[in-house]
Number of protein chains: 2
Amino acid sequence: MPKTVAEIARETGFSATTVRLIANGQAGKYRISEATAKIVEEQIRRYGFVVNHAARSLKLKRTDTIGLVVPELSNAFFARLMSGLEELCRGSGLVLLTSSTNENPDLEDRAIRSLWARGVDGLIVAPCRTPDYGRLFAKNAKMPIVAVDRAYPDSRYPSVVSDNVEAGLTLTRAVLATGAPLTAFFCGQPELPTIAGRIRGFAAACQEAGVADWKELILRTAENSVGAGRTLMGQLLERGRPPASFVCSSLMVLEGATQRLKERIGRIPPETVMGTFDDQESLDFLPNRVFSARQNERELASLAFAQLKELLSGRISPPEQTIVSFQLVRRGGARCEPAAGAGL
Amino acid sequence: MPKTVAEIARETGFSATTVRLIANGQAGKYRISEATAKIVEEQIRRYGFVVNHAARSLKLKRTDTIGLVVPELSNAFFARLMSGLEELCRGSGLVLLTSSTNENPDLEDRAIRSLWARGVDGLIVAPCRTPDYGRLFAKNAKMPIVAVDRAYPDSRYPSVVSDNVEAGLTLTRAVLATGAPLTAFFCGQPELPTIAGRIRGFAAACQEAGVADWKELILRTAENSVGAGRTLMGQLLERGRPPASFVCSSLMVLEGATQRLKERIGRIPPETVMGTFDDQESLDFLPNRVFSARQNERELASLAFAQLKELLSGRISPPEQTIVSFQLVRRGGARCEPAAGAGL
DNA sequence: ATGAAAGCGCTAACAA
DNA sequence: TTGTTAGCGCTTTCAT
């Protein structure tokens, strides 16, 4: 069964170039005669033909492949991001190689090296620390890289991130507007740029509402996990009564916080108002008033992808930060209102 | 900056063969002299060296790459499965190419063709219909394939799946054991082998408990989605009062079902007992007694990976079905008990 | 213990 | 309009 252009060429009696031109759909462009094209196309249709990507890459020094590096694939946010990127790649004839780093800088380095060694044409990375990957590549290699989700202050790569400050502001405002006294902001991994932004937004909303003690409201813990949420709620409960309202830096933290509430006081008081980053249908399980800030993963994916294609195309674009807005969602409540999203 | 073996060879004065042997760590095996090895290794350490995978693949007709094809990457189950596989690949020097099909057979075919054209050495697929991919490849190509999650009855590929029947049985038993009258089993995509298995388990548990009308309890809908859950709960509520207990074929269906309950009767009655497939921390948001059946994605990943490596190694292994047990988890409740998982 | 050379399948520059 | 050719960087076989 013919597979290579050489074989098809031999069988049709034409040369490899002619066959290749036709196979790649450039017959018109190079004015291959109708008759020739017909013969070759028929042969291809009957026996099939797939370009050998390895050979192609070897020649072109390009793999039509891009790499995605994320901290945690089983995190819904990154899964959706990847899903979006995968679709975009498919539309452009690219394939996506994905690695996860488990928030570990060493693993991140290794993943990036490995992807580089595999010859990916470019990289989209959600870095777990200020990214600086130059040393990972050969000296004069220049790998197009765009950062997503996390814009570290002095990063040298263009980045595409959500508007965490604005989201923190809007979310906190919504919680404050219920009139319930604000009791705490539970933060996991406060050193991440995303979380730092959310904290700034929280602070701004508090100041604007005249919440004097907002600094004391922020409880931090190194990890972002369910356990972290439990710990933080535990700390709060030791200081006094259950919170009238609180905000969480992530869904996992909220899950932990509510678990602890149940353990300590037997239930989640239904009048407690909650705010959280990361939206999920299951927030509707709660009878409480819940506000959640939902990121637009599709938008992040397409902007990051566009940015990378820009770099790939060779046009030099200066490190640039692109910002995508969140959506505020109202969840929970005694009855479900149609998820009323208000763009920011 | 030297990168290719040829360059290093030229710079050290040795031949490409010698350099390659040393670079690949086969110096001892081929008794390269200590001195030579030292010189070459030093050169490599200083200037770095990465094999060119494209060239290597071209020569070896092997890419050290495997493909994963799943219906939906943003589904937590598949995201975790992928995460596990990615880690296993990393440990074996492979890379994983992932595509999603959106439950669309055409996209599935395209994804598989594309992965094949990219030269993946093998494929792990969660098929969206009885898989038969022979026609997608060149006539005499033989692509190692293992199916995961979904074992279609007359599939010709080895498969690794969860024990859906047993899980349906155990989950339904747990719900029945609470004493609450069982009102419905909401099923999305009942034609999937996974769901069919869950239904069989449900039926068995009902029969063993003397539930005579179990056939009428099963409400089906083509889709597996939040909307499907809403529809099904809507149907049930039209027939009568809110359910004392019900089981859902997936988390999304449960989410939809509870949403509809809230809309119709203003709240989720806390005494309702629920059973669901797919476990998630957020089930603890519910004050209800909730049982969930959790799949072991890591186990599925490692068994599928092992099976594929078996095929890759050339040993012929007959189509075989490997079964992984679920874990029954107790969630929700007035207070959170330590997630008491009972293996099946 | 080390080297030379062929060839994997493709592309691009040039030739006819 | 079509054909010829030279590599891309690696592995492998055979020579030395």
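No experiment lies behind these values; they were computed from the predicted model shown.

## Structural notes on the overall build of chain A
Along chain A, the regular secondary structure elements total 12 helices and 13 strands. Computed over the C-alpha atoms, the radius of gyration of chain A is 26 Å, more than 25% above the 20 Å expected from 2.2 N^0.38 for a compact globule of 344 residues. Referenced to the eigenvectors of the C-alpha coordinate spread, the extents of chain A come out at roughly 85 × 45 × 35 Å. Across the 344 residues in chain A, those meeting the buried criterion constitute 48%. Long-range pairs, those at least 24 residues apart, make up 67% of the contacts in chain A between residues at least 6 apart in sequence.

## Points about the relation of the copies chain B and chain A
Superposing chain B onto chain A takes a rotation of 180 degrees plus a shift of 0.1 Å along the axis, which leaves an RMSD of 0.2 Å. What the rotation and shift describe, once combined, is the action of a two-fold rotation axis. Among all residues of chain B, the one whose C-alpha sits closest to the rotation axis is Ala54(B), at a distance of 2.4 Å. Mapped onto chain A, 100% of the interface residues of chain B again fall at the interface, so both copies present the same surface.

## Details of the interface of chain B and chain A
In this assembly, 47 residues from chain B lie in contact with 47 residues from chain A. If one sorts the elements of the side of chain B that touches chain A by residue count, helix 5 (residues 76-91) of chain B sits on top with six residues. Residues of the side of chain B that touches chain A, tallied by class, amount to 19 nonpolar, 16 polar and 12 charged.

## Points about the packing of helix 1 (residues 5-12) of chain B against helix 2 (residues 16-23) of chain B
Residues and elements named next belong to chain B. At their nearest, the axes of helix 1 and helix 2 sit 8 Å apart, and the two run at 110 degrees to each other. Taken together, the axes of helix 1 and helix 2 lie roughly perpendicular to each other. Where helix 1 crosses over helix 2, the handedness of that crossing is right-handed. Across from Val5, Ala6, Ile8, Ala9 and Thr12 in helix 1, the residues of helix 2 making contact are Ala16, Val19, Arg20 and Ala23. Taken together, the residues that form the contact of helix 1 with helix 2 break down as seven nonpolar, one polar and one charged.

## Remarks on the domain arrangement of chain A
Splitting chain A by domain gives domain 1 (5-51), domain 2 (63-163 + 297-325) and domain 3 (164-295 + 328-343). One C-alpha centre belongs to domain 1 of chain A, the other to domain 3 of chain A, and the line joining them spans 63 Å.

## Here we look at the nonpolar core
Core analysis: the biggest nonpolar cluster contains 92 residues, and Phe186(A), Ala257(A), Phe186(B) and Ala257(B) have the highest contact counts within it. With 82 residues, the next largest nonpolar core counts Met82(B), Ala126(B), Tyr157(B) and Val161(B) among its residues.

## Some remarks on the environment of Thr18(A)
Residue and element names in this part refer to chain A. When you line up the elements, Thr18 lands in helix 2 (residues 16-23). Here Thr18 falls in the buried class, since 22 other C-beta atoms lie within 10 Å of it. Residues Thr18 and Ala37, 19 residues apart in the sequence, show an inter-C-alpha distance of 8.6 Å. Those residues in contact with Thr18 that lie beyond four places of it in its chain are Ile32 and Thr36.

## Quick notes on the environment of Gly179(A)
All names here are of chain A. Relative to the helices and strands, Gly179 is located in the loop between helix 7 (164-177) and strand 6 (184-188). A residue is classified by how many C-beta atoms lie within 10 Å of it, and Gly179, with 9 of them, is exposed. A sequence separation of 102 residues divides Gly179 from Glu281, and the C-alpha atoms of the two residues are 25 Å apart.

## Digging into helix 7 (residues 164-177) of chain B
Residue and element names in this part refer to chain B. A rise of 1.5 Å per residue sets the reference length of helix 7, with its 14 residues, at 20 Å; its end C-alpha atoms lie 20 Å apart and thus fit the reference within 8%. By the criterion of burial, helix 7 is predominantly enclosed, with 11 of the 14 residues buried. Two residues or fewer past helix 7, Gly179 is found with a positive phi of approximately 90 degrees.

## Side note on helix 2 of chain B
Residue pairs spaced three or four apart in an α-helix point in one direction, given the helix's 3.6 residues per turn. Residue and element names in this part refer to chain B. The set of residues buried in helix 2 consists of Thr18, Val19, Leu21 and Ile22. An end-on view of helix 2 places all buried positions within 160 degrees of arc, on one side of the element. Elements that come into contact with the buried residues of helix 2 comprise helix 1 and helix 3 (34-47). Phi turns positive one or two residues past the end of helix 2, at Gly25, with a value near 70 degrees.

## Focus: the pairing of strand 9 (residues 273-277) of chain B
Residue and element names in this part refer to chain B. The buried fraction of strand 9 is high, at five of five residues. Burial of strand 9 is two-sided: the residues Val273, Gly275 and Phe277 facing one way and the residues Met274 and Thr276 facing the other way are all buried. When strand 8 (residues 245-248) meets strand 9, the two strands line up parallel, connected through four bridges. Pairing of Ser245 across the sheet is with Val273, part of strand 9. In this view, the connection linking strand 8 to its parallel neighbour strand 9 by way of helix 11 (residues 251-265) has right-handed handedness.

## What about unusual backbone geometry?
All names here are of chain A. Even without glycine at this site, Asn102 takes up a positive phi of about 60 degrees. Secondary-structure assignment places Asn102 in the loop between strand 2 (95-100) and helix 6 (105-117). Unusually for a residue other than glycine, Glu103 sits at a positive phi of about 60 degrees. Structurally, Glu103 can be placed in the loop between strand 2 and helix 6. On the neighbour-count criterion, Glu103 (16 C-beta atoms within 10 Å) is partly exposed.

## Things to note about the packing of helix 4 (residues 53-60) of chain A against helix 4 (residues 53-60) of chain B
Helix 4 of chain B packs onto helix 4 of chain A with a crossing angle of 140 degrees between their chain directions and a minimal axis gap of 8 Å. With respect to helix 4 of chain B, the axis of helix 4 of chain A lies oblique. In terms of crossing hand, the pair formed by helix 4 of chain A and helix 4 of chain B is left-handed. On helix 4 of chain B, the residues that touch Ala54(A), Ala55(A), Ser57(A) and Leu58(A) of helix 4 of chain A are Ala54(B), Ala55(B), Ser57(B) and Leu58(B). Of the residues that constitute the contact of helix 4 of chain A with helix 4 of chain B, the class distribution is six nonpolar, two polar and no charged.

## Some details on the confidence of the model for chain A
Residues at a pLDDT of 70 or more form 96% of chain A, whose mean pLDDT is 91. The low-confidence segment residues 336-344 of chain A (pLDDT under 50) makes 21 contacts with residues lying over four places distant or belonging to another chain.

## Re the environment of Val324(A)
Residue and element names in this part refer to chain A. Tracing the backbone shows Val324 in strand 11 (residues 321-324). With 20 C-beta atoms counted inside 10 Å, the residue Val324 sits in the buried group. When residues no more than four places from it in sequence are discounted, the contact partners of Val324 are Val160, Ser162, Asp163, Asn296, Glu299, Leu300 and Leu303.

Rules and cut-offs
Sequence positions are assigned chain by chain, starting from 1 and proceeding in written order. Chains and ligands are labelled by the order in which they are written, letters from A for the one and numbers from 1 for the other. Reporting of local features is limited, given that this is a predicted model, to residues whose pLDDT is at least 70; pairs of side-chain atoms are given and counted only at 80 or more, and all residues count toward the totals for whole chains, interfaces and linings. Helix and strand definitions here come from DSSP, where helices need a minimum of 4 consecutive H or I residues and strands a minimum of 2 consecutive E residues; each element is numbered from the N-terminal end. With C-alpha atoms as the basis for the radius of gyration, the globule rule is written as 2.2 Å multiplied by the number of residues raised to the power 0.38. Any residue surrounded by 20 or more other C-beta atoms within 10 Å of its C-beta is treated as buried, while 12 or fewer makes it exposed and the intermediate range makes it partly exposed; C-beta atoms here are placed from the backbone. Residues are treated as contacting if the C-beta atoms built from their backbones sit within 7 Å of each other. When the copies are superposed, the least-squares fit draws on C-alpha atoms of residues that have pLDDT of at least 70 in both. Each residue receives one of three labels: charged for Asp, Glu, Lys and Arg, nonpolar for Ala, Val, Leu, Ile, Met, Phe, Trp, Tyr, Cys and Pro, and polar for the others, Gly being one of them. Between N-to-C directions, angles span 0 to 180 degrees; the directions come from axes that are lines fitted to C-alpha atoms, helices contributing only their stretch in contact. Under this scheme an angle from 65 to 115 degrees is roughly perpendicular, one under 35 degrees roughly parallel, and one over 145 degrees roughly antiparallel; angles in between are oblique. Left-handed describes a crossing whose near helix is turned anticlockwise from the far helix by less than a right angle; the clockwise case is right-handed. Domain boundaries shown here were taken from an automatic or database domain assignment. Under the definition applied here, buried Ala, Val, Leu, Ile, Met, Phe, Trp, Tyr and Cys residues are grouped into a nonpolar core through C-beta atoms within 7 Å. Helix span, expected: 1.5 Å multiplied by one less than the number of residues in the helix. Taken from the helix axis, the directions to the C-beta atoms give the arc we talk about. Two strands qualify as a pair provided that DSSP identifies no fewer than 2 bridges between them. Here, the term right-handed applies to a crossover whose path from the first strand over the helix to the second runs clockwise when the strands point away from the viewer. Every residue is assigned a pLDDT by the predictor, reflecting its confidence on a scale from 0 to 100.

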